[in-house]
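# Observations on chain architecture
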Amino acid sequence: MKIHASQVLSGQNWLKNCCVTSVDGRIAAIEEGASADQADCSVDVLLPSLANLHSHTFQRAMAGMTEFRAAGKESFWTWRELMYRFLDHLTPAQFEAIAAMVFMEMQEAGYASVGEFHYVHQQPGGETYANLSELSDRIFAAAQQTGIGLTHLPVLYTYGGVNQEPLTGGQLRFSNDVDRFLSLVEACNGNLSALPADAQVGIAPHSLRATSPADLARVLQATPQGPVHIHISEQLKEVADVEAKLGQRPVAWLLDNVDVDNRWCLIHATHMTEAETIAMAKSGAVAGLCPITEANLGDGPFNGPTYLEHNGVFGLGSDSNVRISLTEELRTLEYSQRLRDMARNVMVVREGSVGQTLYTGAAQGGAQAVGRDAGTIEVGKLADLVAIDRTHPALCALNDDQILDGLCFVASDDVVTDTWSAGRHVVKNGRHREHDAIVARYKTAISDLLDSV
Ligand code: ZN
């Protein structure tokens with residue numbers, strides 16, 4: 001496919017009147033000063049698309065249902081209670097319908113790919129499905145339907161707390177020991193052939209709460225390649241629990257006891273000391289930041305300035321999917337920093353555009369986290385691309401150096417006109433190619449689910 005764009009962001013530079021050609025999902029040519037005559041389609045501003053590095057698709061079904069306060073109960077409680085109630089009833093078909101909806105919304109918001117941190121594996125009550133990878137297969141089917149670039153991350157979730165408490169209630173659907181987990185990963189890898197070649201499987205030890213040091217060592221030894229994601233330090237109670245059990249805070253313990261490198265993505269590296277922040281930045285791992293969800297759950301702000309000063313890599317994820325918006329995710333990250341520091345333009349080292357720093361940083365860090373050879377528009381990279389409309393009222397007043405600031409701080413996702421996932425032209429004129437069918441199936445699934453809970 002040959003795409004003509006009035007301008008293209010390649011690295012940190014703007015190219016004018018450009019044709020970008022993709023062959024077999026990769027960028028084969030970039031021609032500046034080319035006419036639109038021979039192009040298959042014509043767009044305004046072409047950017048590298050972001051990977052959404054952290055998602056739990058099924059949680060989308062609960063969006064908006066837990067925003068009330070119940071007297072005498074901790075704030076997290078209402079959210080968790082409803083999640084477990086849903087899990088008592090959620091069927092594989094509903095799982096697939098919700099995942100397709102969420103993937104479609106991500107692509108319409110401008111994300112080309114997703115890291116699906118997938119932790120529901122078993123039937124209600126904990127019994128396995130006849131097909132061990134039943135629910136992973138449903139995620140695969142949703143990826144197939146939407147065309148999103150999938151990095152599937154099956155989760156190892158064994159214990160109910162740092163003292164290796166047994167799982168109970170809704171958590172039983174997450175349950176795997178190391179042996180069954182490795183069988184699941186193998187089954188997922190075997191099923192990859194059903195998806196386009198850019199899809200892949202990584203692993204996700206859930207957290208230092210839900211796995212043990214010995215189990216973590218075993219799964220890492222058995223999986224020497226591919227992305228590794230972990231929830232690391234989201235809530236203060238989690239930090240205190242890990243410190244009491246392992247003698248160190250979670251990020252410090254992980255960096256001192258495990259070979260953390262650029263395969264790793266540390267989700268919610270929210271609570272870190274200065275020393276942990278610097279050590280993590282130097283490790284080459286990606287900080288998986290989920291600003292909207294972290295704000296929604298009241299987690300706290302990330303230590304952005306220190307992390308960027310030490311060249312830390314970061315990317316963005318929509319996590320609970322309470323709201324799927326690329327533009328809002330970017331601005332919530334910066335605003336969380338401004339509110340804490342009572343300062344403007346925080347997430348940029350020395351000087352420069354905040355929007356460009358956040359966007360290009362998240363594009364490259366996101367691609368690294370999900371193991372995709374993407375994140376920049378260069379020959380040989382995957383054609384993960386997004387087009388935005390610069391003539392939109394939110395952007396029409398801005399010059400080249402301000403476009404990404406406009407995207408981050410002014411625009412809504414309706415400036416997105418087209419998205420390509422590894423060259424698959426999935427969103428045109430702001431709509432996914434299967435929008436109506438996916439929405440209809442989602443509504444039926446949600447109505448059935450609500451009838452059952
Ligand atoms: Zn998460």
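Quick notes on the rules
Residues numbered from 1 in each chain as written. Predicted model: local features only at pLDDT ≥ 70, side-chain atom pairs only at ≥ 80, totals over all residues. Heavy atoms only, no water. Helix = DSSP H or I, 4+ residues; strand = E, 2+ residues; numbered from the N terminus. Buried < 20%, exposed > 50% of the residue type's maximum accessible area, 1.4 Å probe, protein only. Contact = heavy atoms within 4.5 Å. Areas by Shrake-Rupley, 256 points an atom, 1.4 Å probe, with all protein chains shown as cover. Lys, Arg positive; Asp, Glu negative; His and termini not counted. Charge placed at Lys NZ, Arg CZ, Asp CG, Glu CD. Phe/Tyr/Trp six-rings, centres within 6.5 Å; stacked < 30°, edge-to-face > 60°. Patch = residues over 30% accessible without salt bridge, like charges linked within 9 Å, V, L, I, M, F, W, Y side chains within 5 Å. Salt bridge = Lys/Arg side-chain N within 4 Å of Asp/Glu carboxyl O. Axes fitted to C-alpha atoms, helices over the stretch in contact; angles between N-to-C directions. Parallel < 35°, antiparallel > 145°, perpendicular 65-115°, else oblique. Left-handed = near helix turned anticlockwise from the far one by under 90°. Pairing = 2+ DSSP bridges. Core = buried A, V, L, I, M, F, W, Y, C linked by side-chain atoms within 4.5 Å. Donors = N, O, S within 2.8 Å, 3.2 Å for Na, K, Ca; no water. Tetrahedral: all angles 85-135°; square planar, octahedral: opposite > 155°, others 65-115°.

What follows concerns the overall build of the protein chain. Helix and strand counts for the protein chain stand at 14 helices and 17 strands. Along the first, second and third principal axes, the C-alpha set of the protein chain runs to 65 × 45 × 45 Å. Going through the 453 residues of the protein chain one by one, you find that 60% of them count as buried. Counted over contacts in the protein chain with a minimum sequence separation of 6, partners at least 24 positions apart contribute 74%. Counting every atom, the protein chain has about 17200 Å² of accessible surface; 48% of that belongs to carbon and sulfur. Between the centroid of the 33 positive side chains of the protein chain and the centroid of its 55 negative side chains there is a distance of 2 Å.

Let us now look at the packing of aromatic side chains. Two aromatic rings are characterised by how far apart their centres lie and by the angle between their planes. For the coordinates displayed, the defined rule picks out eight aromatic pairs. Judged by centre distance (6.3 Å) and plane angle (20°), the ring pair of Tyr119 and Tyr157 falls under stacked. One end of the pair, Tyr119, is in the loop between strand E6 (111-118) and helix H3 (134-146); the other, Tyr157, is in the loop between strand E7 (149-156) and helix H4 (178-191), and 38 residues separate them in sequence. Pair check on accessibility: Tyr119 and Tyr157 agree, each one buried. Among the aromatic side chains, those forming a connected cluster through ring pairs are Phe58, Tyr84, Phe95, Tyr119, Tyr157 and Phe174.

A cluster of nonpolar side chains, Met65, Leu450 and Val453, forms an exposed patch at the surface whose accessible area comes to about 200 Å². Positionally, Met65 belongs in the loop between strand E5 (50-55) and helix H1 (77-87).

Turning to the packing of helix H11 (residues 326-341) against helix H12 (residues 354-369), a few remarks are in order. Closest axis-to-axis distance for the H11/H12 pair is 11 Å, and the angle between their directions is 120°. Of the possible angle classes, the one that applies to H11 and H12 is oblique. When you trace H11 past H12, the crossing you get is right-handed. Residues Leu326, Leu330, Leu333, Glu334 and Arg338 of H11 form the contact with H12, whose participating residues are Val354, Leu358 and Tyr359.

For the rest of this paragraph, the subject is the sheet that holds strand E13 (residues 313-316). The strands that make up a sheet are held in pairs by hydrogen bonds between backbone atoms, and each pair lies either parallel or antiparallel. Ordered by their spatial adjacency, four strands build an open sheet running E10-E11-E12-E13, and the pairing between neighbours is parallel. The two strands at the open ends of the sheet, each matched to only one other strand, are strand E10 (228-233) and E13. Averaged over all pairs of adjacent strands, the angle between their axes in this sheet comes to 30°, without regard to strand direction. Pairing between strand E11 (residues 264-269) and strand E12 (residues 286-289): three bridges, direction parallel. Residue pairing across strands places Cys265 opposite Val286, the latter belonging to E12.

Another point: the pairing of strand E3 (residues 26-32). As a general feature of sheets, a regular strand has side chains that alternate between the two faces. As paired strands, strand E2 (residues 13-23) and E3 are joined by six bridges and run antiparallel to one another. Across the sheet, Val20 pairs through a bridge with Ile30, a residue of E3.

The next point concerns the sheet that holds strand E16 (residues 424-428). Across the sheet, eight strands lie side by side as E3-E2-E1-E4-E14-E15-E16-E17; this open sheet has mixed pairing. Two strands lie at the open edges of the sheet, namely E3 and strand E17 (431-432), each paired on one side alone.

The next point concerns the packing of H4 against helix H5 (residues 213-222). Helices that pack against each other are described as a pair by the angle of their axes relative to one another and the distance between those axes. Two elements in contact, H4 and H5, have axes separated by 11 Å at closest approach and are oriented at 30°. Taken together, H4 and H5 sit at an angle that is classed as roughly parallel. Judged by the sense of rotation from one axis to the other, the crossing of H4 with H5 is right-handed. Listed contacts from H5 to Val178, Asp179, Phe181 and Leu182 of H4 are Asp215, Arg218, Val219 and Ala222.

Counting residues in hydrophobic clusters, the biggest one holds 112 residues, and the most contacted among them are Leu47, Phe103, Leu254 and Trp264. The leading source of residues in this core is helix H2 (residues 92-109), at ten residues. In this structure, Ala5, Cys18, Val20 and Trp420 belong to the second largest nonpolar core, which totals 15 residues.

Tetrahedral metal sites with four donors have an ideal angle of 109.5 degrees; octahedral sites with six donors have ideal angles of 90 or 180 degrees. Coordination of the zinc ion by the protein involves His54 (NE2), His56 (NE2), His231 (NE2) and Asp319 (OD), with metal-donor separations of 2.1 to 2.6 Å. Coordination at the zinc ion is irregular: its four donor atoms span angles of 80 to 171° at the metal. Along the chain, the residues that donate to the zinc ion are spaced as H-x1-H-x174-H-x87-D. In this pair, His56 sits in the loop between E5 and H1 while Asp319 sits in the loop between E13 and H11, placing the two residues 263 residues apart along the sequence.

Purely geometric numbers; function is a separate question.
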